[in-house]
Number of protein chains: 2
Amino acid sequence: MILRIAMAQINSWLGDFKYNTDKIYNFINKAKSAQCDIVVFPELAICGYPPEDLIYKEEFLKENRHYLNLIRDFSKDIGVIVGFVEENKGKAYNSAAFIYNKRLVGIYRKAQLPNYGVFDEKRYFSSGEDFKIYDFGGIKIGLDICEDIWVKDGPINLQAKAGSQVIFAINASPFHMGKMDSRINILKVQARKNKARIVYTNLVGGQDELVFDGRSVLVDAKGKILTQAKAFREDLCIYDLDSRTLPKKKVNNKKIVKVAVKKQALGKAKEPLSICESEKLSPNEEVYRALVLGLKDYVEKNGFKKVILGLSGGMDSSLVATMAVDALGSDNVIGVLMPSQFTSSESKEDAQILARNLGIKSSTIPIQDIFLKYLEGLAEQFQGTNRNIAEENIQARIRGNILMALSNKFGWLVLTTGNKSEVSVGYCTLYGDAAGGFAPIKDVPKMLVYELARHRCSISRPIIPERVFTKAPTAELKDNQKDQDSLPPYEVLDPILKAYIEDELPMDKIIALGFDKDTVKRTIEMVDRNEYKRRQSAPGIKITPKAFGRDRRMPITNRFRQS
Amino acid sequence: MILRIAMAQINSWLGDFKYNTDKIYNFINKAKSAQCDIVVFPELAICGYPPEDLIYKEEFLKENRHYLNLIRDFSKDIGVIVGFVEENKGKAYNSAAFIYNKRLVGIYRKAQLPNYGVFDEKRYFSSGEDFKIYDFGGIKIGLDICEDIWVKDGPINLQAKAGSQVIFAINASPFHMGKMDSRINILKVQARKNKARIVYTNLVGGQDELVFDGRSVLVDAKGKILTQAKAFREDLCIYDLDSRTLPKKKVNNKKIVKVAVKKQALGKAKEPLSICESEKLSPNEEVYRALVLGLKDYVEKNGFKKVILGLSGGMDSSLVATMAVDALGSDNVIGVLMPSQFTSSESKEDAQILARNLGIKSSTIPIQDIFLKYLEGLAEQFQGTNRNIAEENIQARIRGNILMALSNKFGWLVLTTGNKSEVSVGYCTLYGDAAGGFAPIKDVPKMLVYELARHRCSISRPIIPERVFTKAPTAELKDNQKDQDSLPPYEVLDPILKAYIEDELPMDKIIALGFDKDTVKRTIEMVDRNEYKRRQSAPGIKITPKAFGRDRRMPITNRFRQS
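Residues numbered from 1 in each chain as written. Chains lettered and ligands numbered in written order. Predicted model: local features only at pLDDT ≥ 70, side-chain atom pairs only at ≥ 80, totals over all residues. Heavy atoms only, no water.

Novice: What should I look at first to understand the packing of helix H10 (residues 368–377) of chain A against helix H10 (residues 368–377) of chain B in this one?
Specialist: Two elements in contact, H10 of chain A and H10 of chain B, have axes separated by 9 Å at closest approach and are oriented at 175 degrees. In terms of axis orientation, H10 of chain A runs roughly antiparallel to H10 of chain B. Packed against H10 of chain A, whose contacting residues are Asp369, Ile370, Lys373 and Tyr374 of chain A, the element H10 of chain B presents Asp369, Ile370, Lys373 and Tyr374 of chain B at the interface. Residues belonging to the contact of H10 of chain A with H10 of chain B are distributed by class as follows: 4 nonpolar, no polar and 4 charged. (Axes fitted to C-alpha atoms, helices over the stretch in contact; angles between N-to-C directions. Helix = DSSP H or I, 4+ residues; strand = E, 2+ residues; numbered from the N terminus. Parallel < 35°, antiparallel > 145°, perpendicular 65-115°, else oblique. Contact = heavy atoms within 4.5 Å. Nonpolar A, V, L, I, M, F, W, Y, C, P; charged D, E, K, R; others polar.)

And the structure:
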């Protein structure tokens, strides 16, 4: 017997039940047209993920059940597995519904609730404590939800032991660099250990700081990938599972729920199938696509059409502008040059070439006159003081004000272009260059910014002028300023930051990696001291194992210093 | 036999192990001088609370043990109960150490870990699974940590059942309005149910958005308050417990740890004791003190001496300036008037009178000329558009820029003066009036702002000019602007906001309370739509059961709308 399985890798919009249900409806119909027996949707596909404190709204919980019922009612002659929030006796569960032919056959409640990193599931959900095994025309199916398959001796193991031959795992697994490898590793381990096929269906799309990368995958009992859905876009990935290839297992009859599968359905000969081709992405291409999808979805899901950003002629704004054009099209990106007396002619030129290469509208609003008016206004207060960071920041904040004025006037979202290296050490002006609704490269270290830019230019024509790659980075807030007057070189800074932030290494272990002691000490101090800036920063896209935001929750008032 | 107990209600500084240990040392010495047998410190007193992701730093965990050992070594001839983070086999516990006469007698691990509201303890800690009962010269003592006593059939009940006569509960229980009543209620219930005295020692002080109010309390087995420590300040509150008044209990001998108490210690006659007087605070005085302490500690613990704020002549800035003077003294508060063509002479006058009444330094920096320069710079882009919110926000952002320039030049912390009503509906300018390092009244609804101001003026002379109470609130960003042109009257808005935010009521239930349907709908939409502003807002002091920040974690990208 052939079980035709469809992994419906959809982009749910958080809280938009009608939109999500329409989409689920369309994917069910597509799966039916393709003669599928079962179609699987991601974790919390009906409401979107992560709902955070929306869980506390009783209307939100009710809508989950209402739309689940609608999905049940239009699921004729097909099995549907779909994630939703289940309310029961005042508790909320992260659940998977198993529907067949307009009947709710069963519900599985997630047992392992992640409560680390970006996850707060113990804040919201109660743990499921039991499971069923679904006999679908003779094939024994277990259901799991995301974390359930990551835990040693967890639900997947109990289900396999009780007789499951195929595990349908539904997921909302966010992207970071290297995440796909971790997933494949755990799938291999679990498939082998449990002698089970695993049908791993993942969410796709951006939600605030998270990007879900899709790449749903089906592995055999040896952990071999049988088929894989697309990366960073919606997909319906179909596979024919031959029941004769499944391991025979002893079944715990107490756990069995027999699904009333129509006899003719499974026996029927099906048209042959082309196997979904998995895409091989280079590490840089993977990150670039994550950033473009995260940016596109943040803009569109928040109801914006166009974005605006300052073009300084430097690398950060060049990369963000390029990504924005890739995400939204050149008609929807507006660049503004805001030169001062400290802006070099090269910077202006590079910004203009970039805008031309991207085909975006750009304009120039000099800030020098406005800056002088501020200095006049502050003359009495500043009398007798030396020029310092105060005067520099005034300029950055004038630029923030201009961008926000254009945003407020025309409804464009301001993109802020700070990278992770800057955000880590606070090398940015709060309310100045840090002003904006979204920070696409907030989690991208400066060296990776260069790599991504190089990568992007290599796959088409050189959009970003070569000089932007070679000139020394500068904020141009005073004469002859260079980033490296204030910061260690990025080749040194970035690995120290990774060791401290992502790897949580103490100072002595970072020094032991071969870095200069004073440089390490100074870097750590800068990171610690600037938590207050990050707390007020715009959200950005997580691409590393530890991003700022929900992922890293540091107190601002914090007198802990390493010695 | 008399057991002399001291509740050492200290203000720990998060991460400052040396400072905290010095303080603990001083309080132990004070307790010894007062002939105390046992002195109790709050939850996580050694490291401060809440440490958040500092828990992931191995150095932070090591310091906890190091300083615990120091405390043990100087605890001669006295029992000390103190909270710390205990690392054991790669797990972290929220623990209480019981030390006597330089020996670590035992450790209790918190079993009930709060993971709701502002709390994330399941993110950090493993749960304790057992307890001991300490026989201290014949008196049977149980240890509990905060949440342990709030849970039905929780640790306190098991301990009482196993024979504890006195429960030492150590706490880091943050303030909100009505919290003390909840504590007293639970203490009464638990004391009666468990036939045990409860020695409830709480932390005091501000930490980012939280204020710990102290008010440690000792209740008898009927729930009667025997003594109570001061509110919102450090205190050593001492009480003589007569062992003859304790209930006789059957003891589970497997749980007993006998403390080697020196014979002469407990038998000795002690000098008579004056009982700590509990303070009765009015609800407004309670909130006002919470705000002043939260502000003072944020400023000082972050290494600032002085604060600066804009004085508009309105109520919000008047109250914040007054609080700042109460917290830091008039020498440490700087006011700036930043009038435009839309600023009334009354506003300027009221701001000046306030500054004079407070005895603070103030200056005036008009923004009109700077504003005109922006309009010139934007003339081409704005051509053919009508004046709207864009021009209004430019002015607010000029003010933000000026305050930040003074902050950057002189190292003063900028206070932002937005109240909860404004922050809820987004009636504020991001990077404008919302710019600043700390937002003292962020969780104070506008009507309560007036009440607190009235209260403050009533207990001394009328610092805030009467006209500030009576004139209509206005942002003065265009001619004849009033808050109520854009918002429902605050008498209507505030209860709707409470129902929606604090009580999590759905729209229909809020309307059923008697509010106009369109007003409720519009208010909810404004709250939902402005999550992005709150995400970038400065931290402020939690005084309600649900504040913005860690307490309410809403997605920005959120298409859930109630109908």
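Novice: Whenever I open this one, the pattern of salt bridges confuses me. Can you help?
Specialist: Any two side chains of opposite charge can pair if their charged atoms end up close together. Residues and elements named next belong to chain B. Scanning the entire structure with this criterion turns up 98 salt bridges over all chains. For Asp443, the salt bridge is made with Lys420, and the minimal N-O distance between the two is 2.8 Å. Taken together, the positions of Asp443 in the loop between helix H13 (420–425) and helix H14 (446–459) and Lys420 in helix H13 put the pair 23 residues apart, joining distant regions of the chain. Just as Asp443 is buried, Lys420 falls in that class too. (Salt bridge = Lys/Arg side-chain N within 4 Å of Asp/Glu carboxyl O. Buried < 20%, exposed > 50% of the residue type's maximum accessible area, 1.4 Å probe, protein only.)

Novice: Got a minute to help me understand the sheet that holds strand E16 (residues 307–310) of chain A in this structure?
Specialist: Neighbouring strands of a sheet are bound in pairs by backbone hydrogen bonds; such pairs are parallel or else antiparallel. Residue and element names in this part refer to chain A. Strand order in the open sheet formed by 4 strands is E18-E17-E16-E19, with parallel pairing between adjacent strands. The open sheet has two free edges, formed respectively by strand E18 (361–364) and strand E19 (413–414), since each of these has just one partner strand. As paired elements, E16 and E19 share 2 bridges and run parallel to each other. By the bridge assignment, Val307 is partnered in E19 with Leu413. (Pairing = 2+ DSSP bridges.)

Novice: Is there a simple way to explain the pairing of strand E10 (residues 204–207) of chain A in this structure?
Specialist: A regular strand carries its side chains on alternate faces of the sheet. With burial as the criterion, each face of E10 of chain A is covered, one bearing Val204 and Gly206 of chain A and the other bearing Gly205 and Gln207 of chain A. The loop that links E10 of chain A with its antiparallel partner strand E11 (residues 210–213) of chain A comprises 2 residues; one of these, Asp208 of chain A, has a positive phi angle of about 55 degrees.

Novice: In this structure, what is going on with the relation of the copies chain A and chain B? I would like to understand it.
Specialist: Think of it as a corkscrew move, a rotation about one axis and a shift along it, taking one chain copy to the other. With an RMSD of 0.0 Å, chain A superimposes on chain B once it is rotated by 180 degrees and translated 0.0 Å along the axis. Taken together, the rotation and translation relating the two chain copies correspond to the operation of a two-fold axis. Residues of chain A ranked by C-alpha distance from the rotation axis are headed by Gln536 of chain A, positioned 2.0 Å from it. Interface overlap between copies is the fraction of interface residues in one copy that are interface residues in the other; for chain A against chain B it reaches 100%, indicating a shared surface. (Least-squares fit on C-alpha atoms with pLDDT ≥ 70 in both.)

Novice: I'm lost on the environment of Ala290 of chain A in this one. Help?
Specialist: All names here are of chain A. Considering the arrangement of structural elements, one finds Ala290 in helix H7 (residues 283–301). Each C-alpha atom, one on Ala290 and one on Trp150, is 23 Å from the other, the two residues being 140 residues apart in sequence. Setting aside its immediate chain neighbours within four residues, Ala290 contacts Phe175, Val211, Phe232 and Ile541.

Novice: I would appreciate a short explanation of empty space enclosed by the protein in the present structure.
Specialist: Empty pockets left among the atoms are what a rolling probe the size of a water molecule brings to light. Scanning all chains against the criterion turns up 11 cavities of 30 Å³ or more. Space inside the largest cavity adds up to approximately 550 Å³. Along the wall of the largest cavity there are 28 residues; nearest its centre are Arg535, Gly549 and Arg550 of chain A together with Arg535 and Arg550 of chain B. Within the residue set of the lining of the largest cavity, elements represented by two or more residues are helix H20 (531–535) of chain A together with helix H20 (531–535) of chain B. Of the residues contributing to the lining of the largest cavity, the split by class is 8 nonpolar, 4 polar and 16 charged. (1 Å grid on protein atoms, 1.4 Å probe; cavity = no way out; pocket = protein on both sides within 12 Å on 5 of 7 lines; lining within 4 Å. Points joined across faces, edges and corners; volume = space filled by probe spheres on them.)

Novice: How should the sheet that holds strand E5 (residues 103–109) of chain A be read in this particular structure?
Specialist: Residues and elements named next belong to chain A. On the basis of which strands lie adjacent, the open sheet formed by 6 strands has the order E5-E4-E3-E2-E1-E14 and mixed pairing. Among the strands making up the open sheet, the edge pair consists of E5 and strand E14 (235–242). Across the sheet, the axes of successive neighbouring strands diverge by a mean angle of 30 degrees, strand direction being ignored. In this sheet, E14 lies alongside strand E1 (residues 2–9) in antiparallel orientation, the contact comprising 8 bridges. From the neighbouring strand, Ala8 faces E14, where its bridge partner is Leu236. Docked against the sheet, helix H1 (residues 17–33) engages E1, strand E2 (38–40), strand E3 (79–88) and E14, running at close to 40 degrees with respect to E14. On the sheet, helix H2 (residues 58–73) packs against E3, strand E4 (91–100) and E5 and is oriented at approximately 155 degrees with respect to E3.

Novice: Could you clarify how one ought to interpret the packing of aromatic side chains in this entry?
Specialist: The geometry of an aromatic ring pair comes down to the distance between the two centres and the angle between the two planes. Residue and element names in this part refer to chain A. For the coordinates displayed, the defined rule picks out 36 aromatic pairs over all chains. Ring centres 4.6 Å apart and planes at 80 degrees place the aromatic pair Tyr25 and Phe74 in the edge-to-face group. Taken as a pair, Tyr25 in helix H1 and Phe74 in the loop between H2 and E3 lie far apart in primary sequence, 49 residues in all. We classify Tyr25 as partly exposed; its relative accessible area is 37%. On the numbers, 6.1 Å between centres and 80 degrees between planes, the contact of Tyr49 with Phe212 is edge-to-face. Taken together, the residues span a long stretch of sequence, with Tyr49 in the loop between E2 and H2 and Phe212 in strand E11 at a distance of 163 residues. Taking relative accessible area as the criterion, Tyr49 reaches 5% and is therefore assigned buried. In this structure, Lys30 packs its charged tip against the face of Phe27, placed 4.2 Å from the ring centre. (Phe/Tyr/Trp six-rings, centres within 6.5 Å; stacked < 30°, edge-to-face > 60°. Lys NZ or Arg CZ within 6 Å of the ring centre and 35° of its normal.)

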